[in-house]
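Survey of secondary and tertiary structure
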Amino acid sequence: MSKETIIIIDYGSGNLRSAAKAFEHMIAQDKVDAEVIISDKADDVLKADRIVLPGQGAFPDCMENLQATTGMIDALEQRVLKDGKPFLGICVGMQLLATRGLEYGLTAGLDWVPGQVVPFNIDPSLKIPQMGWNEVVMPTSGAQDNHHPLLRSIKTSKESSEHYYFVHSFMFECDYNHHVLGLTDYGGLYASIVGRDNIVGVQFHPEKSQDAGLRLIGDFMAWKP
């Protein structure tokens, strides 16, 4: 078998090197026959076995940068939506999966997971952006019920729940509950993991989340949707 290619998309809107290092660490640890490539080329995405879309900054800026990266959205639609290759969106890369974002006005997203990205509507005593460590728990009902293979490492009891590193001011509101794979409480529960089919997005930064984040990356590399 040929070596798998994991593409981390460079569209000027992500913390690419730390994400790549986290994947390289898990490739070495789990002895995976794979290589990580940071690329802004649509042709590389069309040959990728797994695709990672990081993102940081404002939703409209990230979407504009993605659209300005020649051929990238067409390549993503081919490889992810048509070919069914595993896809992981991180932080704003997860938010871009939505139908629309409401940061600085209305901006159309990729519309891969129906919903919208909206400001936090929480206790005013809590700081925005949410910055730091927080828990992720599974929905207590619905089709997923913690059965998603990408999330098998997430512990669900309060006594042993995992913490992940967050930096964001907006949250993803899914149109359909079965697309909500994980929840986080910050003045109220919101979707911190979303997904459907071969697509998953996480609001937190797994590459900055120590062992818990590395385990999720390892599960992504082993995932066969």
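A short note on the overall build of the protein chain
- For the protein chain, the count of helices and strands is 6 helices and 13 strands.
- Here the C-alpha radius of gyration of the protein chain, 16 Å, is about what a compact globule of 225 residues would show, namely 17 Å.
- Pairs at least 24 apart in sequence give 74% of the contacts found in the protein chain among residues at least 6 apart.
- Per element, the accessible surface of the protein chain, about 10300 Å² overall, is 47% carbon and sulfur.

What about helix H1 (residues 16-29)?
- With 14 residues, H1 extends 20 Å between its outermost C-alpha atoms, agreeing within 8% with the 20 Å of an ideal straight helix rising 1.5 Å per residue.
- Within H1, the full set of buried residues consists of Leu 16, Ala 19, Ala 20, Ala 22, Phe 23, Met 26 and Ile 27. Each buried residue of H1 sits inside an arc of 160° when the element is viewed along its axis, so together they form one side. Among the exposed residues of H1, those oriented more than 90 degrees off its buried face are Lys 21 and Ala 28.

Describing the pattern of salt bridges
- Within this structure, the stated rule accounts for 5 salt bridges.
- In this structure, Asp 197 and Arg 196 form a salt bridge, with 2.9 Å as the shortest nitrogen-oxygen distance.

Side note on the packing of aromatic side chains
- Under the defined criterion, the tally for this structure stands at 9 aromatic pairs.
- For the ring pair Phe 23 and Phe 220, a centre distance of 6.2 Å and an interplane angle of 85° mean the geometry is edge-to-face. Here Phe 23 is found in helix H1, whereas its partner Phe 220 is found in helix H6 (residues 210-222), with 197 residues between them in sequence. Summarising the burial analysis for this pair, Phe 23 and Phe 220 share the class buried.
- One residue, Arg 50, lies across the ring of Phe 220, its end atom 5.9 Å from the ring centre.

Brief notes about the confidence of the model for the protein chain
- A residue-level look at the protein chain finds 92% of positions with pLDDT of 70 or above and a mean pLDDT of 90.
- Confidence drops under a pLDDT of 50 for residues 142-146, and excluding neighbours within four residues, the segment shows 10 contacts in the predicted structure.

Overview of the pairing of strand E12 (residues 189-196)
- Most of E12 sits out of view: 6 of its 8 residues are buried.
- For strand E11 (residues 180-185) and E12, the ladder comprises 5 bridges, and the chain directions are antiparallel. Directly across from Asp 185, in E12, lies its bridge partner Leu 189.
- Counting the residues in the hairpin turn of E11 and E12 gives 3 residues, including Gly 187, whose phi is positive at 70°.
- The pairing of E12 with strand E13 (residues 199-202) spans 4 bridges and is classified as antiparallel. The residue of E13 that forms the bridge with Val 194 is Gly 201.
- Connecting E12 to the next strand, E13, in antiparallel fashion are 2 residues, including Asp 197 with a positive phi near 55°.

Some thoughts on the nonpolar core
- Grouped together as the largest cluster of nonpolar side chains are 74 residues, with contacts concentrated most on Phe 23, Leu 76 and Leu 96.
- Top element by residues in this core is H1. It accounts for 7 residues.
- Residue contacts for Leu 76: discarding those within four places in its chain leaves Ile 9, Val 45, Ile 51, Leu 66, Leu 81, Phe 87 and Trp 112.

Section: the environment of Asn 15
- By the secondary structure assignment, Asn 15 is in the loop between strand E1 (4-9) and H1.
- For the pair formed by Asn 15 and Arg 100, sequence separation is 85 residues and the distance between their alpha carbons is 23 Å.
- With residues near it in sequence (within four places) discarded, Asn 15 still touches Gln 56 and Lys 208.

Criteria and cut-off values
Residues numbered from 1 in each chain as written. Predicted model: local features only at pLDDT ≥ 70, side-chain atom pairs only at ≥ 80, totals over all residues. Heavy atoms only, no water. Helix = DSSP H or I, 4+ residues; strand = E, 2+ residues; numbered from the N terminus. Rg over C-alpha atoms; globule rule 2.2 N^0.38 Å. Contact = heavy atoms within 4.5 Å. Areas by Shrake-Rupley, 256 points an atom, 1.4 Å probe, with all protein chains shown as cover. Expected span 1.5 Å × (residues − 1). Buried < 20%, exposed > 50% of the residue type's maximum accessible area, 1.4 Å probe, protein only. Arc of directions from axis to C-beta. Salt bridge = Lys/Arg side-chain N within 4 Å of Asp/Glu carboxyl O. Phe/Tyr/Trp six-rings, centres within 6.5 Å; stacked < 30°, edge-to-face > 60°. Lys NZ or Arg CZ within 6 Å of the ring centre and 35° of its normal. pLDDT = per-residue confidence, 0-100. Pairing = 2+ DSSP bridges. Core = buried A, V, L, I, M, F, W, Y, C linked by side-chain atoms within 4.5 Å.

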